[in-house]
Amino acid sequence: MTPEPSPRVLIVDDQALIRTGFRLILTTRGIDVVGEAADGVEAVTAARELRPDVVLMDIRMPNLDGLEAARRVLAQDPDCRVLMLTTFDLDRYVYAALALGASGFLLKDVTPEHLANAVRLVTTGDALLAPSITRRLVERFAAQDQAGGATTTSVPADLAVLTARELEVLTLVGRGLSNAELAEALTLSETTVKTHVARIFTKLGLRDRAQAVVVAYESGLISAGSVG
């Protein structure tokens with residue numbers, strides 16, 4: 001069997017020590033770090049020139065913050081995966097990052113093994129966050145963003161293209177269920193569940209489960225606080 005190619009990674013952080021540490025961790029684990037950037041402006045340029053598979057993007061940076069930089073990177077290369085870097089758990093900006101298409105977030109004190117595994121995971125099309133953690137982020141901030149008139153044009157609100165079964169699956173994804181839990185709840189095989197999830201992603205233009213959780217809330221399919 002041919003091994004999977006190593007992900008190509010761009011590291012973006014205004015702290016040189018963080019960039020150096022992450023580079024060392026990834027390269028010693030066989031992951032190709034193709035470049036570094038010290039702020040959002042450099043990140044957008046580097047991503048355009050280097051075409052990385054994954055961008056590790058700090059949220060708070062000078063000149064252009066990570067949120068806007070992530071939006072521009074994903075606009076110019078929708079196949080790229082962006083993982084947001086933050087110092088604080090449940091950072092206020094992580095919800096917005098997930099809504100615009102980021103594949104998850106990492107705390108900067110992440111273990112070396114978790115960092116490498118996260119980079120490899122998102123290149124498979126999955127989200128880094130466990131759905132339940134993503135859901136907690138969405139519940140905490142969705143109502144605030146909607147009340148403030150915030151919009152996220154990359155997440156569709158019209159679910160009419162989904163079948164009744166697909167709506168059921170999306171609702172359970174939004175509630176934080178894994179594929180195995182979905183299979184048990186719906187009395188289906190995991191293979192069938194994966195097929196439903198893949199069709200939902202295709203129909204709604206979603207890149208991973210993180211965005212699926214976001215759209216479940218922003219479309220009104222699930223309301224914040226309606227699940228435990």
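So, here's what we can say about the structure. (Residues numbered from 1 in each chain as written. Predicted model: local features only at pLDDT ≥ 70, side-chain atom pairs only at ≥ 80, totals over all residues. Heavy atoms only, no water.)

### A short note on unusual backbone geometry
- Even without being glycine, Arg51 reaches a positive phi, approximately 50°.
- Looking at the element boundaries, Arg51 is found in the loop between α2 (40–50) and β3 (54–58).
- Relative accessible area serves as the criterion here: at 43%, Arg51 is assigned to the partly exposed category.
- The phi dihedral of Asn63 is positive, around 70°, even though this residue is not glycine.
- Checked against the element boundaries, Asn63 lands in the loop between β3 and α3 (66–76). (Helix = DSSP H or I, 4+ residues; strand = E, 2+ residues; numbered from the N terminus. Buried < 20%, exposed > 50% of the residue type's maximum accessible area, 1.4 Å probe, protein only.)

### So, the side chain of Asp13
- The residue Asp13 is located in the loop between β1 (8–12) and α1 (16–27) in this model.
- Not counting the four nearest positions on each side in its chain, Asp13 is found in contact with Ile18, Arg19, Ala37, Ala38, Asp58, Met61, Leu85 and Lys108. (Contact = heavy atoms within 4.5 Å.)

### Quick notes on the pairing of β3
- Burial analysis of β3 places 5 of its 5 residues in the buried class, the great majority of the element.
- Burial along β3 is two-sided: Val54, Leu56 and Asp58 facing one way and Val55 and Met57 facing the other are all buried.
- In terms of strand pairing, β1 meets β3 through 4 bridges, oriented parallel. From the neighbouring strand, Val12 faces β3, where its bridge partner is Met57.
- For β3 and strand β4 (residues 81–86), the ladder comprises 5 bridges, and the chain directions are parallel. (Pairing = 2+ DSSP bridges.)

### Concerning the environment of Gly220
- Mapped onto the elements, Gly220 comes out in the segment after α10 (209–218).
- Through-space distance from the C-alpha of Gly220 to that of Asp158 is 10.0 Å; in sequence the pair is 62 residues apart.

### Comments concerning the nonpolar core
- Ranked by internal contacts, the top residues of the largest apolar core, which has 24 residues, are Leu10, Val12, Val55, Met57, Val73, Val82 and Met84.
- Looking at this core, the elements with two or more residues in it are β1, α2, β3, α3, β4 and α4 (94–100).
- Ranked by residues supplied to this core, first place goes to α3 with 5 residues.
- Beyond its immediate chain neighbours, meaning those up to four positions away, Val55 contacts Leu10, Val12, Val73, Cys80, Arg81, Val82 and Leu83.
- Ranked by size, the runner-up nonpolar core spans 22 residues in total, among them Leu159, Leu186, Ala212 and Ile222. (Core = buried A, V, L, I, M, F, W, Y, C linked by side-chain atoms within 4.5 Å.)

### Description of α10
- Where burial is concerned, most of α10 is hidden: 9 out of the 10 residues are buried.
- Of all the residues in α10, the buried ones are Arg209, Ala210, Gln211, Ala212, Val213, Val214, Val215, Ala216 and Tyr217.
- Once α10 finishes, Gly220 follows within two positions and takes phi at roughly 90°, a positive value.

### Comments concerning the pattern of salt bridges
- One pass over the full model with this rule turns up 10 salt bridges.
- The residue Glu113 makes a salt bridge to Arg29 at a minimum N-O spacing of 3.5 Å. Taken together, the residues span a long stretch of sequence, with Glu113 in helix α5 (residues 112–122) and Arg29 in the loop between α1 and β2 (32–37) at a distance of 84 residues.
- On the accessibility criterion, Glu113 (47% relative accessible area) is partly exposed.
- Residues joined by salt bridges that share partners form a network here, namely Asp13, Asp58 and Lys108. (Salt bridge = Lys/Arg side-chain N within 4 Å of Asp/Glu carboxyl O.)

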